[in-house]
Structures are given as structure tokens and as C-alpha cells.
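Tertiary structure, described
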Amino acid sequence: MLTSKLEMIVSDKTIDVFSGPTTVHYRWRSPSVILEFFLCLVFALSSAAPRSDGVELTSEPLRLMELHLDSAIERGLPIAWDAKQVKLLRVDGSIGEFDPNAIRRHQVLDQAFVPDSAIQMRGQLQREFGKRYSVEGGGNFAIVAPTETVRLWTQRFTQLDRSFQNYFSTRGFQLRPAEFPLVGIVFPSQKEFMQYALQTGSKLPTGTVGYYSIATNRLYLYEMRGNAEAEREALMTVWHEAAHQLAFNRGIHQRLSDPPRWMPEGLASIFEAPGMMSQRTTMDPADLINASRWGQWKKLAESPEKMASLLDSMIRDDRLFRSQPSDAYAIAWGVSLYLAERDTNDYMQYLRKLSKLSPGVDYPETARIRDFQSAFNTSSLMLVKSADRFLQGL
Ligand SMILES: [Zn+2]
């Protein structure tokens, strides 16, 4: 399961659990087998279907495949199929992973693949979580939360959805519609949150306040009560994870591709700042500051050469996120915010390029460096110095 490979990043104050593609490397023998429609399912649903074992190339709508396993029958679209694994995209947006040896037979059904509608999804969630919870829709989200607080959470997620949409549309990046309703589950307590994670195969470290799973495409969090400061910090992590979920579902990244980690993390960190959840049309620039990254940024900025070499390493590979997570997150945040605000066209162009990375195909160091340099045409030293001037001026 993808969820069993959660990568845990412990930062200064919060723990960011991101079951990202960087931890799950997909290597198929033939990348051409990987279904191209994953790049844009909406488009694919009304045009050409890809080919996979048992799926004919056709201009008809994509049809469901049924897998007969030893213990169950699964339906969905095969998005990877080789001797080691089969991945199936289900109509609720989750991705199931199966051992090909466990599949007794498979057949293509005379039934189109149609993603669950918001109403269908809400009905299913209500049945799944029972009477203690209510389900409401807001923007692209379907929120499951205790009945007393579901309205508050739905409003918050609707606001984030709107901010996210505005942030990109005003910067010239046209987001695509989410193919599936984005499910956010709010547990009433940490205990229930941790228990659910355990039951569903995710081993979370103590202190986790929320996570987004690429496998289930759901966001999980719990209500923190009593300590205003702790709650504020927990919410920052929640918006960070929700920004990952939005980015993966609205065409900024793809759930099975492998962009340089600083990019998704930097982008999600931008959305931790209080200004991003503001309802005002004009934002106080100081509200763009992400307080939990700013302290570390300032320390690093005292030696720009060293900071530039750390940035170089993040452009090249993702190791810094494991060895020095606080530094990696701070640099990813500051550089991304600077680029998004002051080198907007180049940054958006770079995001567009990375959004087209093929799922399941490695993105080697040489290509990472080349694409970064051709996008921004500057040295890392110049970049960290400019970013620092920009951030100091907010
Ligand atoms: Zn993250």
C-alpha cells in the first residue's frame, strides 16, 4: 500500500507527514503502458483511451476494468500494470495496489469510468463514518466532521479552496477542475485520528496533526482543543496538507509523478501563512510570512553562500529533506514565495513544465538542474540573496 510508505518529516514545531511520490518510486518496464490519461483524466474521458493489458485503444469513453482477486472484486482504471504490480484508479479517486499474482482474472466491463459525483461521495462518506459525523460540501471539498463543528470546517475549507484558486488564477496558472471530490476527514480527537490511521495501515509518529494520502486522496486531521497556540500551529499544518491535496488534484502535480520535492513543499508552505486564509481582497504583505519557517530562513540567510549550496543540493535531489528538514523546508518556502511573487511568470511556467512530468518515470538530476536553470536563468547565490531582500521587506 502506498500509505504504508509515509515519509515523516519532523520540523521545528510541527510534523509534516506527506505520503508523497518521492517516497514511492514506480518503475515500470514500459512507461508507455502507463496510462496517459492520468495527465488529464477529464480530457481523456471524452477522447482517446490508452492501452494496457486487456484494454483496447478506442475513442469510446474509458471503460471500467474488473479484477477478480482471491478475496475481493475490484473495479477501476488500470493506471499501471506490470509483472510486479497493478494499480487501479477507483471512481472515488483512491488508488488500489495489487499483486498481479493475486489476480485470478480480469475483464473490461461495458460500463464507462465515471468519477463519483459530489452527492454520491457525500452519501458514501455518511454511510462510512456513521451518525456521529456529518458530511458537507464546500468548493471542491467534501468534509466529514463531528456534527457540531462540520459547518465551521466546511467554511474553512471553502475559504482555502477559494484562496488557492485565486492565487493561481491571478498569477496566470489555469487550474483544471478536480476530477474527484476532495475528501477531508476531521476526527473529534487525536486518539480517534491515530486509531483510524493505524487501522488503515498508516503508522504515524506522535505529534502528527494531519496528513494527506496520495493513495486514498484524502486529508485527515483532528480537532485540537484548549490551547490556542497549539491549535493555530496545527491549522498551519492542515492548510499545508490541504494545499498538497489541491495541488495534486488541480493539475499542478500528478499523484504518480516525481517532481523535485522543494517545489510541492515550498508551494504548500506558502499556504501556511495567515494571509492565505484571509477573506480580505487586499492582503497585508506581512501576512505572507510563514512564521514557522521565517526564523530558520533568517538564520540561514546570515551565510548566503552556504544557503546557496543547500539550495543547489535541493535542485539536484531530495536528500536535504531527510538530513536537514528544517533547513530544507525554510529554503523551499522562502525561495518559492519569492519566485511566485517576484518572478511570477517564470515560476508558473516552471510549475507547468513539472506538471507534465510523466507518471512513474524518474526525473534525473541532470534534467532537474537543466529545467531549473532554463526556467530562472540565475545563480543560486543571486536567488537566495534576492529572496532574502524580498522577505526582509515584507
Ligand atoms: Zn508537505
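It should be emphasised that the depicted structure is a prediction, and the values quoted were computed from it without experimental measurement.

We now examine the overall build of the protein. Secondary structure assignment for the protein yields 13 helices and 12 strands. Of all 394 residues assigned to the protein, the portion counted as buried reaches 41%. Expressed as a percentage of contacts within the protein between residues at least 6 apart in sequence, the contacts between residues at least 24 apart total 64%.

To continue, consider the confidence of the model for the protein. In this model, the protein carries a mean pLDDT of 84, and residues with pLDDT of at least 70 account for 84%. Residue range residues 1–59 is modelled with pLDDT below 50. Its contacts to residues more than four positions away, or to other chains, number 134 contacts.

If you check helix H10 (residues 325–342), its first and last C-alpha atoms are 25 Å apart, about what 18 residues at 1.5 Å a residue would give, namely 26 Å. In terms of residue burial, H10 counts as a mostly covered element, since 14 of its 18 residues are buried.

Looking at chain direction, strand S3 (residues 63–69) and strand S7 (residues 103–112) are connected through 6 bridges and run antiparallel. Bridged to Arg-63 within S7 is Ala-112. Taken together, the 4 bridges between S3 and strand S4 (residues 73–81) define a ladder with antiparallel strand orientation. The partner of His-68 across the bridge, within S4, is Ile-73. Where S3 folds back onto S4 in an antiparallel hairpin, the turn is made up of 3 residues.

Turning to the environment of Ala-247, a few remarks are in order. Here Ala-247 lies in helix H5 (residues 228–249). A C-alpha to C-alpha distance of 8.9 Å links Ala-247 and Phe-164, two positions 83 residues apart in sequence. Residue contacts for Ala-247: discarding those within four places in its chain leaves Ile-252, His-253, Pro-264 and Leu-267.

Now for the sheet that holds S7. In space, the 5 strands of this open sheet follow the order S6-S5-S4-S3-S7, with antiparallel pairing throughout. With one partner strand each, in any of the chains shown, strand S6 (95–98) and S7 form the two edges of the open sheet. Between one strand axis and the next, the sheet turns through 45 degrees on average, direction left out of account.

This part covers the nonpolar core. With 92 residues, the main nonpolar core has Ile-143, Val-186, Ala-243 and Ile-331 as its most contacted residues. Residues lining this core come from more than one domain, with at least three contributed by each of domain 1 (31–112) and domain 2 (257–394). Those residues in contact with Ala-243 that lie beyond four places of it in its chain are Phe-164, Leu-267, Ala-268 and Phe-271.

Let's shift gears to the pairing of strand S5 (residues 86–89). In the case of a regular strand, side chains alternate between the two sheet surfaces. The alternating pattern of S5 places Val-86 and Leu-88 on one face and Lys-87 and Leu-89 on the opposite face, and all of these are buried. As judged from the 4 bridges shared by S4 and S5, these two strands associate in the antiparallel manner. Bridge pairing links Pro-78 to Leu-88 in S5. Following S4, the chain reverses through 4 residues before pairing antiparallel with S5. Summarising the sheet, S5 and S6 pair through 4 bridges and their orientation is antiparallel. Paired with Leu-89 across the two strands is Ile-95, which belongs to S6. Counted between consecutive antiparallel strands, the loop separating S5 from S6 contains 5 residues, among which Gly-93 sits at a positive phi close to 95 degrees.

So, how was this worked out
- One numbering rule holds for all chains: residues counted from 1, following each sequence as written.
- Owing to the predicted nature of the model, reporting of local features is limited to residues with pLDDT of at least 70; listing and counting of side-chain atom pairs is limited to 80 or more, with chain, interface and lining totals taken over all residues.
- Every helix listed is a DSSP run of H or I at least four residues long, and every strand listed is a run of E at least two residues long, numbered separately from the N terminus.
- Think of it as a crowd count around each C-beta: if 20 or more other C-beta atoms lie within 10 Å the residue is buried, if 12 or fewer it is exposed, and in between it is partly exposed, with C-beta placed from the backbone throughout.
- The contact criterion used is a C-beta to C-beta distance within 7 Å, with each C-beta placed from the backbone.
- pLDDT measures how confident the predictor is about each residue, on a scale from 0 to 100.
- Expected helix span is taken as 1.5 Å per residue step, with the number of steps being one fewer than the number of residues.
- When DSSP locates at least two bridges between a pair of strands, those strands are taken to pair.
- Convention adopted: a line fitted to C-alpha atoms gives each axis, helices being fitted over their contacting stretch, and angles between N-to-C directions are expressed from 0 to 180 degrees.
- Nonpolar cores are built from buried Ala, Val, Leu, Ile, Met, Phe, Trp, Tyr and Cys residues. These are joined into a set through C-beta atoms within 7 Å.
- As annotated, the domain borders come from an automatic or database domain assignment.

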